[in-house]
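In case you want the letters, here they are:
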Amino acid sequence: SHMENWLSDEEEEAWRSWITATRQLYAHLGQEMHDEFGLSIGDYEILVRLSEGPEQRLRMSKLAKLTLASRSRLSHQIDRMEKAGLVRREANPDDRRGLFAVLTPQGETALKEAAPFHVDGVRRNVFDILTKQELATVATVSRKVLAQLESS
């Protein structure tokens, strides 16, 4: 029977609280970001990734991988961000099909304003309430889960 595959009460509680906490945290930080700067958390993540790219640019295919977005979803998001002046698309001179997303000066300014606010939100809602030991445990657990996903 499948019964022995079911989660124990302890496993069920841990799983649900982890999922709920991470979802609510993401939603809360996203709402704060949107209220304060008109940026979605997805916009913010793209600004961060581009700011870290060589010459503040990344291939669209690479950006899709980094943000775990489908190519079409990312394309729509970049459309919106381009209209807002935060990014621009640029053709890759070496590859006619390969488009780059590039951080604009306006996008860089938006990121510089939003980043300290975001970090403060993460600090208040996560790091300020965890002990050093709890923080180390979260890091270990997250790395183990990621390693498992990457190996499968």
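Residues numbered from 1 in each chain as written. Predicted model: local features only at pLDDT ≥ 70, side-chain atom pairs only at ≥ 80, totals over all residues. Heavy atoms only, no water.

Q: Even after reading the chapter, I still don't get a nonpolar patch on the surface, so can you show me in this structure?
A: On the surface, L7, W15, W18, V141, V145, L146 and L149 cluster together into a nonpolar patch covering about 660 Å² of accessible area. Going through the elements one at a time, α1 (9-37) and α6 (132-151) are the ones with two or more residues in the nonpolar patch. The element that contributes the greatest number of residues to the nonpolar patch is α6, accounting for 4 residues. When you line up the elements, W15 lands in helix α1. Looking at W15, the relative accessible area reads 46%, which means it is partly exposed. (Patch = residues over 30% accessible without salt bridge, like charges linked within 9 Å, V, L, I, M, F, W, Y side chains within 5 Å. Areas by Shrake-Rupley, 256 points an atom, 1.4 Å probe, with all protein chains shown as cover. Salt bridge = Lys/Arg side-chain N within 4 Å of Asp/Glu carboxyl O. Helix = DSSP H or I, 4+ residues; strand = E, 2+ residues; numbered from the N terminus. Buried < 20%, exposed > 50% of the residue type's maximum accessible area, 1.4 Å probe, protein only.)

Q: Would you take a moment to explain the pattern of salt bridges for this structure?
A: Where charged atoms from two side chains of opposite charge come close, those side chains can pair. Throughout the structure, instances matching the rule amount to 10 salt bridges. For R124, the salt bridge goes to E32, with nearest N and O atoms at 3.5 Å. With a gap of 92 residues between them, R124 in helix α5 (residues 105-125) and E32 in helix α1 connect regions that are remote in the sequence. The class of R124 is partly exposed, set by a relative accessible area of 38%. The shortest N-O distance in the salt bridge between D79 and R89 comes to 2.9 Å. You can see D79 sitting in helix α4 (residues 71-83) and its partner R89 sitting in strand β2 (residues 87-92), a full 10 residues away along the chain.

Q: Please clarify how unusual backbone geometry should be interpreted in this entry.
A: Peptide bonds are trans in most cases, and residues, glycine excluded, mostly fall at negative phi. Notably, E55 is not glycine yet its phi reads approximately 55°, a positive angle. The class of E55 is exposed, set by a relative accessible area of 68%. Its identity as a non-glycine residue notwithstanding, Q56 has a phi of 55°, on the positive side. Looking at the element boundaries, Q56 is found in the loop between α2 (41-52) and β1 (57-59). By relative accessible area, which is 24% here, Q56 ends up partly exposed.

Q: Help me understand the packing of aromatic side chains, please; the structure alone is not making it clear to me.
A: Describing an aromatic ring pair means giving the distance of the ring centres and the angle of the ring planes. The final tally for this structure, using the stated rule, is 2 aromatic pairs. Ring plane angle 70° and centroid distance 6.1 Å describe the contact between W15 and W18, whose orientation is recorded as edge-to-face. Placement of both W15 and W18 in helix α1 is noted, with a separation of 3 residues, approximately one turn of the helix. Given the relative accessible area of 38%, W18 is considered partly exposed. (Phe/Tyr/Trp six-rings, centres within 6.5 Å; stacked < 30°, edge-to-face > 60°.)

Q: What exactly am I supposed to notice about the layout of surface pockets here?
A: In this approach the atoms are scanned with a rolling probe the size of a water molecule, which exposes any empty space left behind. Counted as a void, the largest pocket has a volume near 1900 Å³. The wall of the largest pocket is formed by 42 residues, among which W18, T22, L25, Y26 and S142 lie closest to the centre. For the lining of the largest pocket, the elements supplying multiple residues, two or more each, are α1, α2, α4, α5 and α6. Sort the elements by how many residues they give to the lining of the largest pocket and α1 lands first, with 11 residues. Partitioning the lining of the largest pocket into residue classes produces 28 nonpolar, 8 polar and 6 charged. (1 Å grid on protein atoms, 1.4 Å probe; cavity = no way out; pocket = protein on both sides within 12 Å on 5 of 7 lines; lining within 4 Å. Points joined across faces, edges and corners; volume = space filled by probe spheres on them. Nonpolar A, V, L, I, M, F, W, Y, C, P; charged D, E, K, R; others polar.)

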